Amino acid sequence: MSRMACKLSYDGTAFAGYQVQPGKRTVQSEVERALQEIHKGARVPVVASGRTDAGVHACGQVLHFDTELTIAPERWVSALNTHLPDDIVVTNAAMVEPDFHARYGAQAKEYRYYIQCGPFENVFRRHFAVHIKQALDVPAMQTAAKHLLGTHDFSAFCAANTTVTDKVRTITHVAVQPSEEGLLISIRGTGFLYNMVRIIVGTLLEIGTGKRVASEMKVILAGKSRNLAGKTAPAHGLCLYEVDYGQPLFVNETPGQVSMN
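As the structure is a prediction and not an experimental result, all values here were calculated from the model.

K.L.:
Could you clarify how one ought to interpret the nonpolar core in this entry?
P.N.:
Nonpolar side chains tend toward joint burial in soluble globular proteins. Membership of the largest hydrophobic core comes to 78 residues, with the highest contact counts inside it found for L63, F65, W76, L80, F157, I185 and L204. Counting residues per element, this core draws most heavily on helix α4 (residues 196-208), which supplies eight residues. Non-local contacts of F157, meaning those with residues more than four positions away in its chain, are made with L148, Y194, N195, M196, I199, I200, T203, M217, I220, L221 and A229. Grouped together as the second largest cluster of nonpolar side chains are six residues, C59, A129, L184 and C239 included.

And the structure:
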């Protein structure tokens, strides 16, 4: 029995999220269906670095599974892609140690949120970036984002219906950068709460549009209440960009192997 790790990209538009849900199309169910076909009907469960919600994309999701098949890692890529739908692509594969765990072994993750700015929406980007018509105060958003760095209780930036009790997380990098079509917000941390990135982005957008001032971010953090933060930003602007395990898992691995730009 060998343990394989795979890196995959997916367009989350037509999925009800990553995790298996009865009667719904999900990324996990499609990957497990492909593996079942390769294994001649035997069920092969997969474990991912984490779940993504309906409409959220990924270009750096990592999962693992156990197999009795003796297929070279580079052949797993083509074998899986042959059986996967067009909106999921495996970009790399590697044999890993038996104790490797895609979820519990992850040391950090980076999410990126894409925003279009301007009077008209680029219809070719409408599933991958949120359109904002008005000009954004980028310096104010950058100032506010700095308050997120470090270890904090992020209760204010967590969906109210979560069952998680420990809401302390560490953000190691946050950037608000102008891009070719608008704005890119990248957030890297050791772990994230449910809807945390989207609530942060929603709050930053309210600052960027003048509904709030940058100094409010510090007050929101200290208040530890979901009612203090902004609206949850739409799912389709978000992409799981990279999962870091402390060392490269794959040969010639590069972050965000499939560009979202």
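K.L.:
Is there a simple way to think about the packing of helix α1 (residues 27-38) against helix α2 (residues 73-83) in this case?
P.N.:
When two helices pack together, you describe them by how their axes are tilted relative to each other and by the distance separating the axes. Axis separation between α1 and α2 bottoms out at 9 Å; the angle between their running directions is 110 degrees. With respect to each other, α1 and α2 are oriented roughly perpendicular. Mapping the contact onto sequence places R33, A34, L35, E37 and I38 in α1 and W76, A79, L80 and H83 in α2. A class-by-class count of the residues in the contact of α1 with α2 yields six nonpolar, one polar and two charged.

K.L.:
Quick question: what am I supposed to make of the pairing of strand β10 (residues 238-244) here?
P.N.:
In regular strands, side chains alternate between the two faces of the sheet. Within β10, six of the seven residues are buried, which leaves the element mostly enclosed by the surrounding structure. Bridge count for strand β3 (residues 57-67) against β10 is two bridges, and the pairing is parallel. Bridged to A58 within β10 is L240. Here six bridges tie strand β5 (residues 108-117) to β10, and the two strands are oriented antiparallel to one another. Within β10, the residue paired with K109 across the bridge is V243.

K.L.:
Teacher, can you tell me more about the UniProt feature "binding site: substrate" in the protein here?
P.N.:
Those residues carrying the UniProt feature "binding site: substrate" are Y111 in this numbering. Relative to the helices and strands, Y111 is located in strand β5. Accessibility expressed as a relative area gives 9% for Y111, which makes it buried. Once residues lying within four places of it in the same chain are set aside, the contact partners of Y111 are I185, S186, I187, F192, V197, L238, C239, L240 and Y241.

K.L.:
How should the pattern of salt bridges be read in this particular structure?
P.N.:
Charged atoms that come close allow side chains of opposite charge to pair. Per the counting criterion, the structure on display carries 14 salt bridges. Between R3 and D66 there is a salt bridge, with the nearest N and O atoms lying 2.7 Å from each other. Taken together, the residues R3 in strand β1 (residues 2-10) and D66 in strand β3 connect sequence positions 63 residues apart. Residue R3 is classed as buried on the basis of its relative accessible area, which comes to 16%. Residue D66 is classed as partly exposed on the basis of its relative accessible area, which comes to 32%. Across the pair E37 and R33 runs a salt bridge, and its minimum N-O distance is 2.8 Å. Of this pair, E37 and R33 are both found in helix α1, four residues apart, which corresponds to roughly one turn of the helix.

K.L.:
Please explain the domain arrangement of the protein as it appears in this structure.
P.N.:
By a widespread convention, an interface's size corresponds to the accessible area lost as its parts come together. Partitioning the protein into domains gives domain 1 (1-103) and domain 2 (106-238). Of note, the centres of domain 1 and domain 2, computed from C-alpha atoms alone, are 28 Å apart. The interface of domain 1 with domain 2 comprises 12 residues on the first partner and 10 residues on the second. Between domain 1 and domain 2, the buried area comes to about 810 Å², and carbon and sulfur atoms account for 49% of it. Looking at the side of domain 1 facing domain 2, the largest losses of area belong to D53, V56 and H57, adding up to 49% of the total buried there. One can count one salt bridge joining domain 1 with domain 2. With a closest N to O distance of 3.5 Å, R198 and D53 form a salt bridge.

K.L.:
Sorry if this is basic, but what is going on with α4 here?
P.N.:
Each full turn of the α-helix corresponds to 3.6 residues, which orients residues three or four apart in the same direction. In this model, α4 (13 residues) spans 18 Å end to end at C-alpha, consistent with the 18 Å of a helix rising 1.5 Å per residue. Buried residues dominate α4, accounting for 13 of its 13 residues. Two residues or fewer after α4 comes G210, characterised by a positive phi angle close to 85 degrees.

Rules and cut-offs
Residues numbered from 1 in each chain as written. Predicted model: local features only at pLDDT ≥ 70, side-chain atom pairs only at ≥ 80, totals over all residues. Heavy atoms only, no water. Core = buried A, V, L, I, M, F, W, Y, C linked by side-chain atoms within 4.5 Å. Buried < 20%, exposed > 50% of the residue type's maximum accessible area, 1.4 Å probe, protein only. Helix = DSSP H or I, 4+ residues; strand = E, 2+ residues; numbered from the N terminus. Contact = heavy atoms within 4.5 Å. Axes fitted to C-alpha atoms, helices over the stretch in contact; angles between N-to-C directions. Parallel < 35°, antiparallel > 145°, perpendicular 65-115°, else oblique. Nonpolar A, V, L, I, M, F, W, Y, C, P; charged D, E, K, R; others polar. Pairing = 2+ DSSP bridges. UniProt positions renumbered as here; feature names shortened; annotations may be inferred. Salt bridge = Lys/Arg side-chain N within 4 Å of Asp/Glu carboxyl O. Domains from an automatic or database assignment. Buried area = accessible area lost by both parts, 1.4 Å probe. Expected span 1.5 Å × (residues − 1).

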